[in-house]
Amino acid sequence: MSTRLEALPHRHVLTLPTMPSAVRTARETAEQALVEWGVNPRHPTIGPALLILSELVTNSVRHAAVLSPQVTVIYAAGKDCLAFAVHDRHPYQPALYGAVTDVGGGGGLATVMELTLGLSGTAIVRGDADGKGKSIWITLPL
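Residues numbered from 1 in each chain as written. Predicted model: local features only at pLDDT ≥ 70, side-chain atom pairs only at ≥ 80, totals over all residues. Heavy atoms only, no water.

**Overview of the overall build of the chain**
Phase 1: Scanning the chain for helices and strands turns up four helices and five strands.
Phase 2: Helices (α) and strands (β) of the chain occur, in sequence order from the N terminus, as β-α-α-β-β-α-α-β-β.
Phase 3: Against the 2.2 N^0.38 benchmark of 14 Å for 142 residues, the chain shows a C-alpha radius of gyration of 14 Å, consistent with a compact globule.
Phase 4: Along the three orthogonal principal directions, the C-alpha set of the chain runs to about 35 × 35 × 25 Å.
Phase 5: Within the chain, counting contacts between residues at least 6 apart in sequence, those at least 24 apart form 69% of the total.
Phase 6: As presented, the chain carries roughly 7400 Å² of accessible surface, and 55% of it is formed by carbon and sulfur atoms.
Phase 7: In the chain, 11 positive and 11 negative side-chain charges are present, and the distance between their average locations comes to 3 Å. (Helix = DSSP H or I, 4+ residues; strand = E, 2+ residues; numbered from the N terminus. Rg over C-alpha atoms; globule rule 2.2 N^0.38 Å. Contact = heavy atoms within 4.5 Å. Areas by Shrake-Rupley, 256 points an atom, 1.4 Å probe, with all protein chains shown as cover. Lys, Arg positive; Asp, Glu negative; His and termini not counted. Charge placed at Lys NZ, Arg CZ, Asp CG, Glu CD.)

Below, the structure is given as structure tokens:
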């Protein structure tokens, strides 16, 4: 997918404590933002996108909370593209595409990648400049 994130006209940033309640809040915020941006909530990409988002925030809560007291979600959208990122301050950077081929199962990350690839989307891990955190970016066509 060649859409540049900087070109997406709609953006929203949400920072929450890295607690289980963050999953619901992140999802509800995404639903609200999409409605405000005029994205049809019944578009076939939206349900899977919300599941992907929930899985990524859940992973931060489960695996990063010890080093990352906050999780940040960045939402962005344009006419034909939806993108979001989940950022935490844990240094571990998972091999996203390995989660799909891992015979032992990648758990939530395998689900994230199967849904993303099934929707012809992309996923990337971007490490923080100091090496002490990362963002997982998902971009999906609308």
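From this point, things continue past the structure.
**Here we look at the packing of helix α2 (residues 46-63) against helix α4 (residues 108-118)**
Phase 1: Packing of α2 against α4 brings their axes to within 9 Å, and their N-to-C directions diverge by 155 degrees. Looking at the two axes, α2 sits roughly antiparallel to α4. Of the two possible hands of crossing, α2 and α4 adopt the one that is left-handed. Contacts between α2 and α4 involve P48, L51, I52, E55, L56 and N59 from the first element and G108, L109, T111, V112, L115 and T116 from the second.
Phase 2: Among the residues forming the contact of α2 with α4, the class breakdown is seven nonpolar, four polar and one charged. (Axes fitted to C-alpha atoms, helices over the stretch in contact; angles between N-to-C directions. Parallel < 35°, antiparallel > 145°, perpendicular 65-115°, else oblique. Left-handed = near helix turned anticlockwise from the far one by under 90°. Nonpolar A, V, L, I, M, F, W, Y, C, P; charged D, E, K, R; others polar.)

**Looking at α2**
Phase 1: Look at α2: 26 Å from first C-alpha to last across 18 residues, which is about the 26 Å you get at 1.5 Å a residue.
Phase 2: Inspection of α2 places I46, A49, L50, I52, L53, S54, L56, V57, T58, N59, S60 and V61 among the buried residues, and these make up the whole buried set.
Phase 3: Here the buried face of α2 lies against α1 (21-36), β2 (70-78), β3 (81-88), α4 and β5 (134-141). (Expected span 1.5 Å × (residues − 1). Buried < 20%, exposed > 50% of the residue type's maximum accessible area, 1.4 Å probe, protein only.)

**Observations regarding the side chain of D128**
Phase 1: Structurally, D128 can be placed in the loop between β4 (122-127) and β5.
Phase 2: The class of D128 is buried, set by a relative accessible area of 18%.
Phase 3: Of the polar contacts made by the side chain of D128, one reaches the side chain of R89; its length is 2.6 Å. (Polar contact = N/O pair within 3.5 Å; in protein donor to acceptor, adjacent residues only side chain to side chain.)

**Remarks on the environment of A65**
Phase 1: Take A65: it is sitting in the loop between α2 and β2.
Phase 2: For A65 and T18, which are 47 residues apart along the polypeptide, the C-alpha to C-alpha distance reads 5.5 Å.
Phase 3: Those residues within four positions of A65 in sequence are excluded, and the remaining contacts are T18 and S60.

**A short note on the sheet that holds β3**
Phase 1: If you walk across this open sheet you meet the five strands as β1-β2-β3-β5-β4, and the pairing is antiparallel. Single-partner strands in this sheet number two, and they are β1 (10-17) and β4. Going from strand to strand, the sheet's axes swing by 15 degrees on average, the running direction of each strand aside.
Phase 2: Packing of α1 onto the sheet brings it into contact with β1, β2 and β3, and relative to β1 it is tilted by some 165 degrees.
Phase 3: The strands touched by α2 are β2, β3 and β5; relative to β3, the strand with the most contacts, the crossing angle is about 10 degrees. (Pairing = 2+ DSSP bridges.)

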